[in-house]
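These are the residues of each chain, in order.
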Amino acid sequence: MHTYQHPITPYPMTTISDKTGEMMHRGRIEVICGSMFSGKTEELIRRMKRAMFAKQSVEIFKPAIDTRYSEEDVVSHEGNSIPSTPVDSSASILLMATETDVVGIDEAQFFDPGIVDVCNQLAQRGVRVIVAGLDMDFAGTPFGPMPQLCAIADDVSKQHAICVRCGALAYLSHRIVAGEKQVMLGEKMEYEPLCRVCYEKAKREKTS
Ligand SMILES: [Zn+2]
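Now for a quick tour of the structure.

Here is what the cut-offs are and how they apply
Residues numbered from 1 in each chain as written. Predicted model: local features only at pLDDT ≥ 70, side-chain atom pairs only at ≥ 80, totals over all residues. Core = buried A, V, L, I, M, F, W, Y, C linked by C-beta atoms within 7 Å. Buried ≥ 20, exposed ≤ 12 C-beta atoms within 10 Å, placed from the backbone. Contact = placed C-beta atoms within 7 Å. Helix = DSSP H or I, 4+ residues; strand = E, 2+ residues; numbered from the N terminus. Expected span 1.5 Å × (residues − 1). Arc of directions from axis to C-beta. Pairing = 2+ DSSP bridges. Right-handed = clockwise from strand over helix to strand, strands pointing away.

What follows concerns the nonpolar core. Side chains of a nonpolar character, in soluble globular proteins, are inclined to be buried together. With 46 residues, the main nonpolar core has Val103, Ala108, Cys119, Leu122, Val129, Val131 and Leu149 as its most contacted residues. Once you skip the residues sitting within four places of it in the chain, Leu149 turns out to touch Val31, Ala108, Ile115, Val116, Cys119 and Val131.

Shown next as structure tokens:
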């Protein structure tokens, strides 16, 4: 006869969600996506700082390509920063994040496709992974590994900027300067958040 054995410690790394009251395991993937100027990095930093306050070990990784502000810090547009490590490939994150409770990944759209498997492996280890990145490029095409990351995530937050032309919620970052290259790091001079209607208008103005 088979008797059911209740596990002595059910699951070692279980928390209760403050949003829903549901039980969660600590190893999980959260994605923060949206257009430029939507506050993605601010939200990533907010979650990381909250974890630091709870004495959890945190580490942020970003692609070595993103050197807009400084080599070592994830710096948001508001100047609210957290130290971070630039890495050349997603595989380096697995090697470097061995003793980390919470792994943050910024500008995830620039990472190689291997980032999807890296996030899964970290979550499997019990790591909380928080990924921030642009969901679409300037032409409205899903950006790099972001669609896959959204798909495997336990939780996805889509952030919105405000359309600079009409004040509605923006849906993408329109490139003001010419150039067709997808990887083009930007600042306020080069991109503007636009809603669908204003983006279509801007496209027509360009071609006419
Ligand atoms: Zn608009």
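So that's the structure; there's more coming.
A few words on the environment of Glu192. With respect to the helices and strands, the residue Glu192 is situated in strand β11 (residues 191-194). Separated by 20 residues in sequence, Glu192 and Leu172 place their C-alpha atoms 8.3 Å apart. The residues touching Glu192, leaving out its near neighbours within four places in the chain, are Val164, His174 and Ile176.

Here helix α1 (residues 40-53) is 14 residues long and its end C-alpha atoms lie 20 Å apart, about the 20 Å a rise of 1.5 Å per residue gives. Along α1, the residues that are buried comprise Lys40, Thr41, Leu44, Ile45 and Met48. What you see down the axis of α1 is that its buried residues fit within an arc of 125°, all on one side. Seen from the open side of α1, the exposed residues pointing more than 90 degrees away from its buried face are Arg50 and Phe53. Looking at the residues trailing α1, positive phi occurs at Lys55, about 65°.

It is worth spelling out unusual backbone geometry at this point. Positioned with a positive phi, Lys55 is a non-glycine residue whose angle comes to about 65°. Counting through the fold element by element, Lys55 comes out in the loop between α1 and β4 (58-63). On the neighbour-count criterion, Lys55 (7 C-beta atoms within 10 Å) is exposed. The backbone of Glu107 shows a phi angle near 50°, a positive value even though the residue is not glycine. Here Glu107 shows up in the loop between β7 (102-105) and α3 (115-124).

Turning to the pairing of strand β8 (residues 128-134), a few remarks are in order. Where burial is concerned, most of β8 is hidden: 7 out of the 7 residues are buried. Where strand β3 (residues 28-34) and β8 come together, 7 bridges link them in parallel fashion. Of the residues in β8, the one forming a bridge with Cys33 is Gly133. When β7 meets β8, the two strands line up parallel, connected through 4 bridges. When the bridges of β8 are listed, Val103 appears paired with Val129. What joins β7 to β8 is α3, and the crossover it makes is right-handed.

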